[in-house]
Amino acid sequence: QQTPASYYFTEKKAAETRIQPRQKFSHKGTFGHALLVAGSFGKMGAAVLSGKACLRSGAGLLTMHVPACGYEIMQISLPEAMTTVDKHEKINTQLPELDAYSAVGIGPGIGKEQPTVELVEKLLDTIGVPLLIDADALNILSENRQLLDKLPAKTILTPHPKEFQRLAGDSSNEFERLEAGRQFAIRHQVIICLKGANTAVILSNGDVHFNSTGNAGMATGGTGDVLSGIITSLLAQKYPAEDAAILGVYEHGLAGDRAAARRGQSALIASDVVEYLGW
Ligand code: APR
Ligand code: MG
C-alpha cells in the first residue's frame, strides 16, 4: 500500500538553514551531555570513533559507557570524554543512570549477547530523551521484534542495507527498499537513515531527504560508527530529530568529501572523516 510522499535533495543551502549557530554567552551546559553505549572486546575502535565524532560535532559533554576491558582505551584515546564502565569485562550489560544525559546513542561495536539484548530492552523501557540506534543494537531489534513496539517516537535508526533487510525484510530493488523504509518509519513513527551512496533520510511522516554529500572512499569499516556519534551529538544539543538526522548525514558526507580531496578515496579511513568534521 502506497502513501504519498515528498522527496527532497539535501544540498549545501538546505543543510545550512538547519544549523543552530553557537551563541556568544553559551557554556558547555548549553550544548548538552551525550551518552554513547558502545564497544565490546575486540570492537572498542567502534566506540572510539563514534565518541570522537560526537565530540567533534559540538556536544558540550560526552560520557562513554563501555565494558570493563575498554576503560584504559577510552581514557587514553578520548581524554575529553568521561567513561563509565560496565561490570562485565567484555560486553555492555548495565544501563547507566540516565538522568544526566540529554541524548543517548547505542550500538557501535556492542555485539548481540543476551545481557546486551536485556540492556537494550531496559533502555527502551526507561529512556525519556532522544535516542539513536545503530549497528548491533539494530540487529537486536530485528531478532527481538517485540522491542519494535517500544521504540520511542522520533528515535533515529541508522541501518546499512543488510541491517535494514534484517529489520524490514527483503526488497527486490532500491525503490521497493525505499518504500519499505517509508512504511516502517510511518508505522513505528521513527526516523530511518538508509545508508549508502546518497543516504535516504526517511522521516516519520514518510518524507524522504536524499543526501548529496559523501563518496565511495567512505565504504570502509568505521564510517558508520562516525555517523552515529555525529547524530547523537546533534540530538544532545537539542536539534530536532529530523534536523539531527538530515544535517548529521550531510556533515558526515561533507567531511568524507574533504578527506577524499586531501588524500584520495582509496586511502580514506574512518578516522579521517572525524578529522575533517566541522562547518
Ligand atoms: N558513497 C557514499 N557513502 C558511502 C558509500 C558510498 N559508496 N559507501 C558507504 N558509505 C557511507 C554510508 O552512507 C554510511 O554512512 O559509509 C557509512 C558506512 O556505514 P556502515 O555500513 O554502518 O559501516 P560501519 O558501521 O562503519 O562498518 C563496520 O559495523 O555496522 C557494522 O555491519 C557493520 O560490520 C560493519 C561494521
Ligand atoms: Mg555500521
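The rules behind each value
- Residues numbered from 1 in each chain as written.
- Chains lettered and ligands numbered in written order.
- Predicted model: local features only at pLDDT ≥ 70, side-chain atom pairs only at ≥ 80, totals over all residues.
- Heavy atoms only, no water.
- Disulfide = S-S within 2.5 Å.
- Buried < 20%, exposed > 50% of the residue type's maximum accessible area, 1.4 Å probe, protein only.
- Salt bridge = Lys/Arg side-chain N within 4 Å of Asp/Glu carboxyl O.
- Helix = DSSP H or I, 4+ residues; strand = E, 2+ residues; numbered from the N terminus.
- Near = heavy atom within 4 Å.
- Polar contact = N/O pair within 3.5 Å; in protein donor to acceptor, adjacent residues only side chain to side chain.
- Areas by Shrake-Rupley, 256 points an atom, 1.4 Å probe, with all protein chains shown as cover.
- Nonpolar A, V, L, I, M, F, W, Y, C, P; charged D, E, K, R; others polar.
- Core = buried A, V, L, I, M, F, W, Y, C linked by side-chain atoms within 4.5 Å.
- Contact = heavy atoms within 4.5 Å.
- Arc of directions from axis to C-beta.

*Asks:* Break down the state of the cysteines for me, with residues and values.
*Replies:* Such a bond, covalent and formed between the sulfur atoms of two cysteines, is termed a disulfide. What the rule picks out here adds up to zero disulfides. In this structure Cys54 is a free cysteine whose sulfur lies 15 Å from that of Cys193, the closest cysteine sulfur available. The buried category is assigned to Cys193, whose relative accessible area is 0%.

*Asks:* Account for the pattern of salt bridges, naming residues and giving values.
*Replies:* Across all of its chains, the model carries ten salt bridges by this definition. Between Lys112 and Glu143 there is a salt bridge, with the nearest N and O atoms lying 2.8 Å from each other. Linking Lys112 in the loop between strand S5 (103-106) and helix H4 (114-126) with Glu143 in helix H5 (residues 135-143), this pair joins segments that are 31 residues apart in sequence. Where Lys154 meets Glu242, a salt bridge forms, and the shortest distance between an N and an O atom there is 3.0 Å. Placement of the pair is Lys154 in the loop between H5 and strand S7 (156-158) and Glu242 in helix H9 (residues 241-263), with a sequence separation of 88 residues. Its relative accessible area of 37% is what places Lys154 among the partly exposed residues. Linked through salt bridges whose partners overlap, the residues forming this network are Glu121, Asp125 and Lys150.

*Asks:* Summarise the site of ligand 1; cite the residues concerned and give the values.
*Replies:* His160, Glu163, Lys195, Gly222 and Gly224 are the nearest of the 18 residues found near ligand 1. With respect to ligand 1, the side chain of His160 contributes an N or O atom lying 2.8 Å from an oxygen atom. Isolated, ligand 1 exposes 690 Å² of accessible area, and the fraction of that covered by the protein chains is 70%. Broken down by element, the residue count for the shell around ligand 1 peaks at three residues, all from helix H8 (residues 223-236). A breakdown of the residues in the shell around ligand 1 according to their chemical character gives five nonpolar, ten polar and three charged.

*Asks:* Please provide a residue-by-residue account of the nonpolar core, values included.
*Replies:* Membership of the largest hydrophobic core comes to 47 residues, with the highest contact counts inside it found for Met64, Ile156 and Ile231. Within the residue set of this core, elements represented by two or more residues are strand S2 (33-37), helix H2 (44-55), strand S3 (61-66), strand S8 (191-194), H8, H9 and helix H10 (270-275). With ten residues, the top contributor of residues to this core is H9. Once you skip the residues sitting within four places of it in the chain, Ile231 turns out to touch Leu132, Ile156, Thr158, Cys193, Ala244, Ala245, Gly248 and Val249. Among the nonpolar cores identified, the runner-up in size contains 35 residues, and Leu35, Tyr101, Leu124 and Leu178 belong to it.

*Asks:* Which residues make up helix H6 (residues 161-168), and what values do they have?
*Replies:* Glu163, Phe164 and Leu167 are the residues of H6 that are buried. All buried residues of H6 lie within an arc of 100 degrees about the axis, which places them on one face of the element. Along its buried surface, H6 packs onto strand S6 (131-134), H5, S7, helix H7 (174-188) and S8. Phi turns positive, to about 95 degrees, at Gly169, one or two residues after H6.

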